[in-house]
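Survey of secondary and tertiary structure
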Amino acid sequence: MRYQPNIFIRSFQRRVMMKSVKYLAVLTVSLLILSSCNIIEERSLLNRGHYLLVSVNGQNVEASEPYANGLFRGVITLQGSRDFDRRVFYKFQDGSTIEEHHSGTYRKKGVELDVQIRNKTSRDAYTWSPRVTLEGDTLTFYNPCVFCRGTFIEVYVRS
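Overview of the structure. Owing to the predicted nature of the structure, the values given are computational and were not obtained by experimental measurement. Per-chain numbering applies: the sequence of each chain, read as written, is numbered from 1 onward. Per-residue local features of the predicted model are confined to residues with pLDDT of at least 70, and side-chain atom pairs are confined, for both listing and counting, to 80 or more; whole-chain, interface and lining totals are unaffected and use all residues. To obtain the side-chain values, all non-hydrogen atoms of the structure were included, while hydrogens and water were left out.

**Focus on the environment of Gln116**
The following threshold applies: Numbering goes from the N terminus for both helices and strands, where a helix is a DSSP run of H or I of at least four residues and a strand is a run of E of at least two. For every residue, the accessible area obtained with a 1.4 Å probe (protein chains only) is divided by the maximum for its type, and the residue is called buried under 20%, exposed over 50%, and partly exposed between those limits. Contact between two residues is taken to exist if any of their heavy atoms lie within 4.5 Å; hydrogens are not considered. N or O atoms within 3.5 Å of each other form a polar contact, as long as, within protein, one can give a hydrogen and the other can take it, and as long as residues adjacent in sequence are counted only when both atoms are side-chain atoms.
Note on placement: Gln116 falls in strand E6 (residues 112-119). On the basis of relative accessible area, Gln116 is assigned to the partly exposed category, the value being 43%. Taking C-alpha positions, Gln116 is 9.8 Å from Arg131, a pair spaced 15 residues apart along the chain. Among all residues touching Gln116, those that are not within four sequence positions of it are Ser103, Gly104, Thr105, Trp128 and Ser129. Polar side-chain contacts of Gln116 include one of 2.8 Å to the side chain of Ser129.

**Looking at the nonpolar core**
Generally speaking, soluble globular proteins have nonpolar side chains that are buried together. How we decide: Remark: nonpolar core denotes a set of buried residues (Ala, Val, Leu, Ile, Met, Phe, Trp, Tyr, Cys) joined through side-chain atoms within 4.5 Å.
Residues Ile76, Leu78, Phe84, Leu113, Leu139, Phe141 and Tyr156 are the most contacted members of the largest nonpolar core, which totals 22 residues. Taken together, the elements giving at least two residues each to this core come down to strand E1 (49-56), strand E3 (71-78), strand E4 (83-91), E6, strand E8 (131-135), strand E9 (138-145) and strand E10 (150-158). Apart from residues no more than four positions distant in its own chain, Phe84 is found in contact with Ile76, Thr77, Leu78, His102, Ser103, Gly104, Thr105, Tyr106, Val115, Ile117 and Phe141.

**Regarding unusual backbone geometry**
Negative phi characterises most residues that are not glycine, and trans characterises most peptide bonds. Phi angles above zero are rare outside glycine, and Asn57 is one such case at about 50°. Position of Asn57 among the secondary structure elements: in the loop between E1 and strand E2 (59-60). Its relative accessible area of 36% is what places Asn57 among the partly exposed residues.

Put into structure tokens, the structure is as follows:
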């Protein structure tokens, strides 16, 4: 009579091998999901940073004379936690300056930023959703002007 391995040993080895394959499959899928989440988070972190105002309606703000309404300096900060912060400074003919501070949240949708901000400087804590685009290192802020019935186009560049 020939020797035949025990049928129970073969069955046990198959079960162990199948469990190992299932475990490896679940582990591989989990790693793929986690790595894709990490890639998404890294992409949102790429946008973070400080963006300095360089022009308003196509006119350079570094010029010696402040441009319309005295806007002469500004910075927008995007944080990886999707926080949006905007500070702009105005200079008047008498030499005095004021700062406006706006903060809120943003979410990137392609080139557009979905922004919800509120004015922290004013007593009237009004909120609004301006149009904002981010292409490469250039952030464009379309600021509606209630008094002039138009829009100021502010261009910021990553510092």
